[in-house]
Amino acid sequence: MKTRLLLLKMVLAICCLFILGGCWDNRDINHRSLPIVMGISRVDSMYKVFLMIPESGQDGTKSMLVTRTGQTITEIVDEISSNMESRVDLLHLKVIVFERKYAEEGLADSVSSFIRSREISAKALVAICDEDIGKFFDHLHKETETDQTVLYNFFEKNAGLSPTVAVSRIWEIFRSIHSYTRDIGIPLIRSGTSTIIENAGTAIIQHGRMVGQIPADETLLFNAFNERSAYGRIEVMNHASVIILDNSMKHHVTLKNGAPYIRSQIHLKVSILETRGHPSLDTIKDELESQLTERFRKMIKSMQQHEADILGVGQYFRNKIPREQLAHWRSEYFPRLRVDLVVKTTIQNEGNLKTDNINTRQ
Amino acid sequence: MDRSIQVIIVHILIHLGIVFFIFPTSIIDCTKEAHWISILLSFLLHWFLIYIYTKGLSRFEGQNLMDIYLQYGKLLTAIFLLPLFVYLSMLASVTIRAYAETISLVFLSYTPLWATMLLIAIISAFISSLDIHALFRTGVLMGVIFFPLILFVLCMAFQNVDWHYVFPLWSNDFSFLTNPKYMESTFACGFMYLGFIQPSIRYNRKKILWWSITLIPFYLIAVYIPVLTFGEDTAAKFYFPFITAVDTIDITWLMFDRITMFFLLCTVTFFMLFVSLTVWVNTEILKRCLPKTVRTPYIVIALHLLIFISGIKIRDLQEVDFLFDVNAWLHTYNYLVIPFSIYILGWISRRKAATAV
């Protein structure tokens, strides 16, 4: 009896092995196409999808550009799949590029369906193409014959990301669509003349719709406000140019007569790179401060004009304004928001040269 | 021999196996702000019930729940244990289905559900067909292997949180108490097995009580990670908010692109432990009802078949939701009636003993 039971258990255990293989409709990696970049545009309620698929062959990897038009994005991907000898798997999609016109009509549906299907990673980066998307992809395809990750590296922190480029992911856009207090900025890119890609600033997205844009240098402040590092950014003023080494922010919020008021303090550590003439350290500080304050004021103004809170200032008022009222943050509170930016600059070092200014060092 | 450590580890693991799935969904569904109030209320209630339950059990040295009830007649036993039996079987089959659904949603999208469920059922059948000591030893082994990984994922899950979503910290809205969804959240608590493992496994009730408090951070994390990452309104849109929140973690140096898979593979082992413990309790109940000639492994296999088949028979996720609703009532009945009845019986027996002397 005992041996029979043991035998039964062993047979059962061996049966488990068959399931453990997980070989269910399994496709080996060489039968999969893993696109890295997807482009989406919409013309007259028809989607047009661009997929950049790396293909490895005898002489290294080459990239292939596939396009198709259809009713829904999934249908198009499926059709591309059936026309290819391998199956298209969106699992490793890194960057999704929307055409500007489509972004202005609203991305909400696409983003929700990406989140729903789970086939596309919620971490995929999103960018908006500031020109005809067909032209953009042709350019990208021509220039990146051998290196398929150009667009991805453009946004990658340990590769080519610069502090003037916004970074936004699918899940962040989904969050902003359903949030009372937070909109989002999506990087705007276009094909460059001498470089492959050119940074064209940041698109202001409200409820998933692109409503406006801010230039690249304002994006720096947008990133700094979101606690992203501005390290490496070079600020050019009339008398000097400095490199930002470190940035941190502090906020103080109050409600004054029902109008929100935020006092933000940005603390910059900079190092001097170039000077023109003999400016004193104080002059450099003053110039930097007035330049940033002016820029910030402009950014807030254009945000308020579009009622889009891409900085997420409303988040700071969550414990000041009750939830029912917060639902009207964008329309009632945000346009009345008053912002004071205080820039505190520390000149950490002056490079190898002394700045000969005894008067300013008290 | 005092095996409190094993019991504590298994207690923590089975809770970790279930708390990240249905619990956040139901808490987020029924609470709009200040989620910690509803989480702690539910936890404190269950903690109090464990206190009552183990206090009652401690009056009966070396007897398990069935020994105690059988002293007071078969009818009483049936009244108390039949609902428990039904509840545990239903719980096992519904959660096994929900779990398989999660797995297919996250990574095995082309594998049929029955295959995933069969795998879970076979392994848990194997564990529970061995004796209870083996189950608890397996628990310790799983804890040693997988617990550090779970901790790693939980720490990493804070990557995308925005602490402003914590506010407002207080809310005067207690309407969640009457929301049926709130009752569903109580599934993340299970302690009925404590009445069955004695006398084979002895434990110190005080240690269990105090160590079960360490579960509070996990309960809070399970709800607050999705709320802090997405915000209340967005988190309420997901079927499994915690899983989606883990999906957003971006670690470039890790070999896994999606850390979710990593996380699920760890918790699935805890879940198997949960199923096998649940079925073991049911086997203990059935053993008393059936003639002695029926061997235990057959009961275990039959029970797992029952769970597996009813798991397959569930049509869709809506039906899973519905069954959870139904089961919530059974849960409330069992988890209120059994601890208190044991406590009262313990009190009576002590008075009897006192008068006899």
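What you see is a predicted model; the values in this text were computed from it and never measured. (Residues numbered from 1 in each chain as written. Chains lettered and ligands numbered in written order. Predicted model: local features only at pLDDT ≥ 70, side-chain atom pairs only at ≥ 80, totals over all residues.)

1. A word on the overall build of chain A
Thought 1: A count of helical and extended segments in chain A gives 11 helices and 14 strands.
Thought 2: Across its three principal axes, chain A shows a C-alpha extent of roughly 95 × 60 × 55 Å.
Thought 3: When burial is assessed residue by residue, chain A has 37% of its 362 residues classed as buried. (Helix = DSSP H or I, 4+ residues; strand = E, 2+ residues; numbered from the N terminus. Buried ≥ 20, exposed ≤ 12 C-beta atoms within 10 Å, placed from the backbone.)

2. Overview of the packing of helix 3 (residues 35–58) of chain B against helix 10 (residues 216–230) of chain B
All names here are of chain B.
Thought 1: At their nearest, the axes of helix 3 and helix 10 sit 10 Å apart, and the two run at 150° to each other. Considering the angle they form, helix 3 stands roughly antiparallel to helix 10. By crossing handedness, the relation of helix 3 to helix 10 is classed as right-handed. Residues His35, Trp36, Ile39 and Phe43 of helix 3 touch helix 10, and the partners they reach there are Ile216, Tyr219, Leu220, Val223, Tyr224 and Val227.
Thought 2: Grouping the amino acids of the contact of helix 3 with helix 10 by side-chain chemistry returns 9 nonpolar, 1 polar and no charged. (Axes fitted to C-alpha atoms, helices over the stretch in contact; angles between N-to-C directions. Parallel < 35°, antiparallel > 145°, perpendicular 65-115°, else oblique. Left-handed = near helix turned anticlockwise from the far one by under 90°. Contact = placed C-beta atoms within 7 Å. Nonpolar A, V, L, I, M, F, W, Y, C, P; charged D, E, K, R; others polar.)

3. A closer look at the interface of chain A and chain B
Thought 1: Contact residues are listed per partner, giving 21 residues for chain A and 24 residues for chain B.
Thought 2: Elements that contribute at least two residues to the side of chain A that touches chain B include exactly helix 1 (2–20) and helix 7 (170–177) of chain A.
Thought 3: For the side of chain A that touches chain B, the per-class residue count stands at 9 nonpolar, 6 polar and 6 charged.

4. Description of the confidence of the model for chain A
All names here are of chain A.
Thought 1: The predicted model of chain A has a mean per-residue pLDDT of 85, with 95% of residues at 70 or higher.
Thought 2: Of all the helices and strands in chain A, strand 11 (residues 234–236) carries the lowest mean pLDDT, 81, while strand 6 (residues 95–99) carries the highest, 93.
Thought 3: Contacts of residues 358–362 to residues separated by more than four positions or lying in other chains number 4 contacts, the stretch itself having pLDDT below 50. (pLDDT = per-residue confidence, 0-100.)

5. Brief notes about the confidence of the model for chain B
All names here are of chain B.
Thought 1: Here chain B averages 88 in pLDDT, and 100% of its residues register 70 or above.
Thought 2: Helix 8 (residues 180–184) is the least confidently modelled element of chain B, averaging 80 in pLDDT, while helix 10 averages 93, the highest of any element.
Thought 3: Prediction confidence for the complex, expressed as pTM and ipTM, is 0.87 and 0.86 respectively.

6. Topic: the sheet that holds strand 4 (residues 60–70) of chain A
All names here are of chain A.
Thought 1: The mixed open sheet is built from 8 strands, whose spatial order is 4-3-2-6-7-8-9-10. Each edge of the sheet is formed by a strand with only one pairing partner; in this case those strands are strand 4 and strand 10 (209–214). Across the sheet, the axes of successive neighbouring strands diverge by a mean angle of 30°, strand direction being ignored.
Thought 2: Of the pairings in the sheet, the one linking strand 3 (residues 46–57) to strand 4 comprises 11 bridges and is antiparallel in character. Following the sheet pairing, Ser56 is matched in strand 4 by Thr61.
Thought 3: Packing of helix 5 (residues 133–143) onto the sheet brings it into contact with strand 2 (37–43), strand 3, strand 4, strand 6, strand 7 (125–129) and strand 8 (184–191), and relative to strand 8 it is tilted by some 65°.
Thought 4: In the packing of helix 9 (residues 281–306) onto the sheet, contacts are made with strand 9 (197–206) and strand 10, and the angle to strand 10 comes to roughly 160°. (Pairing = 2+ DSSP bridges.)

7. Remarks on the sheet that holds strand 13 (residues 259–275) of chain A
Residues and elements named next belong to chain A.
Thought 1: Across the sheet, 4 strands lie side by side as 11-12-13-14; this open sheet has mixed pairing. Unpaired on one side and paired on the other, strand 11 and strand 14 (338–349) mark the two borders of the sheet. Put simply, the sheet's adjacent strands are angled 40° from each other on average, direction ignored.
Thought 2: In this sheet, strand 14 lies alongside strand 13 in parallel orientation, the contact comprising 11 bridges. What sits directly across from Gln265, in strand 14, is Val342.
Thought 3: Running over the sheet, helix 9 touches strand 11, strand 12 (240–256), strand 13 and strand 14 and is turned about 150° from strand 14.

8. Side note on the domain arrangement of chain A
Residues and elements named next belong to chain A.
Thought 1: According to the domain assignment, chain A consists of domain 1 (29–214) and domain 2 (228–351).
Thought 2: Each of domain 1 and domain 2 was reduced to a C-alpha centroid, and the two centroids are 30 Å apart.
Thought 3: Across the contact, 13 residues belong to domain 1 and 19 residues belong to domain 2.
Thought 4: In terms of residue count, strand 10 provides more of the side of domain 1 that touches domain 2 than any other element does, 3 residues in total.
Thought 5: In terms of residue class, the side of domain 1 that touches domain 2 is built from 6 nonpolar, 5 polar and 2 charged. (Domains from an automatic or database assignment.)

9. Re the packing of helix 1 (residues 4–19) of chain B against helix 13 (residues 259–289) of chain B
Residue and element names in this part refer to chain B.
Thought 1: Where helix 1 contacts helix 13, the axes come no closer than 7 Å and their chain directions differ by 115°. One way to sum up the angle between helix 1 and helix 13 is to call them roughly perpendicular. For the pair helix 1 and helix 13, the crossing hand works out as left-handed. Of the residues in helix 13, those touching helix 1 at Val10, Leu13, Ile14, Leu16, Gly17 and Ile18 are Thr267, Phe270, Phe271, Leu273, Phe274 and Leu277.
Thought 2: Classifying every residue of the contact of helix 1 with helix 13 by side-chain character gives 10 nonpolar, 2 polar and no charged.

10. As for unusual backbone geometry
Thought 1: Geometrically, the link from B:Phe167 to B:Pro168 is a cis peptide bond, its omega value of -5° lying close to zero.
Thought 2: The omega torsion across B:Gln198 and B:Pro199 is 0°, close enough to zero to call that bond cis.
Thought 3: On the secondary structure map, B:Pro199 appears in the loop between helix 8 and helix 9 (205–212).
Thought 4: The backbone phi angle of A:Asp44 is positive, close to 50°, even though this residue is not glycine.
Thought 5: Looking at where A:Asp44 falls in the secondary structure, it is placed in the loop between strand 2 and strand 3.

11. Some words on the environment of B:Ile52
All names here are of chain B.
Thought 1: Considering the arrangement of structural elements, one finds Ile52 in helix 3.
Thought 2: Its 18 C-beta neighbours within 10 Å are what place Ile52 among the partly exposed residues.
Thought 3: Sequence separation of Ile52 and Ser341 is 289 residues, and the distance between their C-alpha atoms is 9.6 Å.
Thought 4: Among residues more than four places away in sequence, those in contact with Ile52 are Pro339, Phe340 and Tyr343.

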